[in-house]
Amino acid sequence: MSWLEKLRDLVRKPEKAVLDPDSPGLRVVVSAFDPAVADSAVLAGSPGWASEAPAVLVHHLVLPAERVEEAAAILAQDGYDLREQSRDGDRVLAHARRVQVLDALHCAQERSRMAGLAQRLGGDAPGWEAWQPGD
């Protein structure tokens with residue numbers, strides 16, 4: 001191994017483990033369904049949340065069935081995967097999921113964004129939760 005390769009190894013950032021949203025053993029560590037409670041307070045009050053570790057951020061959306069594909073296309077632009085959970089007549093409960101490290105600012109921004117998207121599509125965004133691996 002040359003000295004240049006050794007130097008590269010020393011300064012190379014360690015690879016971070018990638019979290020798979022479909023991994024078994026994920027559990028809800030934070031949930032925010034009360035719009036009167038700030039996301040910063042929700043995160044601060046969660047003893048199970050590991051602040052430096054990636055989490056699956058899951059936004060709950062209630063959408064008209066005919067607008068689900070449109071929502072999925074819009075959300076995919078920012079790395080979200082929209083999964084249908086259940087149907088109740090012409091309404092669909094769906095989860096918009098993305099892996100990220102959580103912080104209060106980004107949670108609040110994304111909550112606002114989801115509420116705006118749901119409203120434009122004739123739906124609602126009742127809240128979000130975060131999943132991380134359990135012990």
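See the structure shown above.
Computed from a predicted model, the values in this text were never measured in an experiment. (Residues numbered from 1 in each chain as written. Predicted model: local features only at pLDDT ≥ 70, side-chain atom pairs only at ≥ 80, totals over all residues. Heavy atoms only, no water.)

Trainee: Mind showing me how you'd approach helix α4 (residues 104-120) here?
Mentor: Relative to the 24 Å expected for 17 residues at 1.5 Å per residue, α4 spans 24 Å between its end C-alpha atoms, a close match to the ideal helical length. Among the structural elements, β1 (26-32), α2 (39-44), β2 (54-64), α3 (68-76), β4 (91-101) and β5 (124-133) are those in contact with the buried residues of α4. Here α4 starts with a cap whose side-chain oxygen sits 3.1 Å from the backbone nitrogen of L105, and that cap is D103. (Helix = DSSP H or I, 4+ residues; strand = E, 2+ residues; numbered from the N terminus. Expected span 1.5 Å × (residues − 1). Contact = heavy atoms within 4.5 Å. Polar contact = N/O pair within 3.5 Å; in protein donor to acceptor, adjacent residues only side chain to side chain.)

Trainee: Whenever I open this one, the pattern of salt bridges confuses me. Can you help?
Mentor: Close approach of charged atoms lets side chains of opposite charge pair. For the structure on display, the rule yields 10 salt bridges. Residue R113 pairs with D78 through a salt bridge whose shortest N-O separation is 2.5 Å. Of this pair, R113 sits in helix α4 while D78 is found in the loop between α3 and β3 (81-88), placing the two residues 35 residues apart along the sequence. A salt bridge links R113 to E110, with the shortest nitrogen-to-oxygen separation between them at 3.3 Å. One end of the pair is R113 and the other is E110, both in helix α4 and 3 residues apart, which spans about a single turn. Here the residues in one salt-bridge network are D22, D81, R83 and R97, joined through shared partners. (Salt bridge = Lys/Arg side-chain N within 4 Å of Asp/Glu carboxyl O.)

Trainee: Please clarify how the side chain of E110 should be interpreted in this entry.
Mentor: Overall, E110 belongs to the buried group, its relative accessible area being 12%. Ignoring sequence-local partners within four residues, the contact set of E110 consists of L57, H59, Y80 and R98. (Buried < 20%, exposed > 50% of the residue type's maximum accessible area, 1.4 Å probe, protein only.)

Trainee: Any chance you could explain the environment of A72 here in plain terms?
Mentor: Tracing the backbone through its elements, the reader meets A72 in helix α3. Separated by 11 residues in sequence, A72 and R83 place their C-alpha atoms 8.4 Å apart.

Trainee: What am I meant to see in the environment of S46 here?
Mentor: With respect to the element layout, S46 can be found in the loop between α2 and β2. In sequence terms S46 and S31 are 15 residues apart; their C-alpha atoms lie 8.7 Å from each other. Apart from the residues within four sequence positions on either side, S46 is in contact with V29 and V30.

Trainee: Any chance you could explain the pairing of β2 here in plain terms?
Mentor: Two faces, one strand: in a regular strand the side chains alternate between the faces of the sheet. Counting buried residues in β2 gives 9 out of 11 residues, a clear majority hidden from the surface. Both β2 and β4 contribute to a ladder of 11 bridges, which runs antiparallel. Its bridge partner lying in β4, L61 is registered against A94. Two elements, β2 and β5, share 6 bridges in a ladder whose sense is antiparallel. Across the sheet, V56 pairs through a bridge with W131, a residue of β5. (Pairing = 2+ DSSP bridges.)

Trainee: Would you explain the sheet that holds β4 in this entry?
Mentor: Two strands in a sheet stick together by hydrogen bonds in their backbones, pointing the same way (parallel) or opposite ways (antiparallel). Pairing is antiparallel across the open sheet formed by 5 strands, whose spatial order is β1-β5-β2-β4-β3. Each end of this open sheet is capped by a strand with a single partner; those strands are β1 and β3. The sheet shows a mean angle of 30 degrees between the axes of neighbouring strands, taken without regard to direction. Along the sheet, α4 makes contact with β1, β2, β4 and β5, crossing β2 at roughly 20 degrees. (Axes fitted to C-alpha atoms, helices over the stretch in contact; angles between N-to-C directions.)

Trainee: Explain the environment of L19 here, please?
Mentor: When you line up the elements, L19 lands in the loop between α1 (3-11) and β1. In this structure, the C-alpha to C-alpha distance between L19 and R98, residues 79 residues apart in sequence, is 9.9 Å. In contact with L19, other than residues within four places in its own chain, are L26, P54, A55, V56, V99, W131 and P133.

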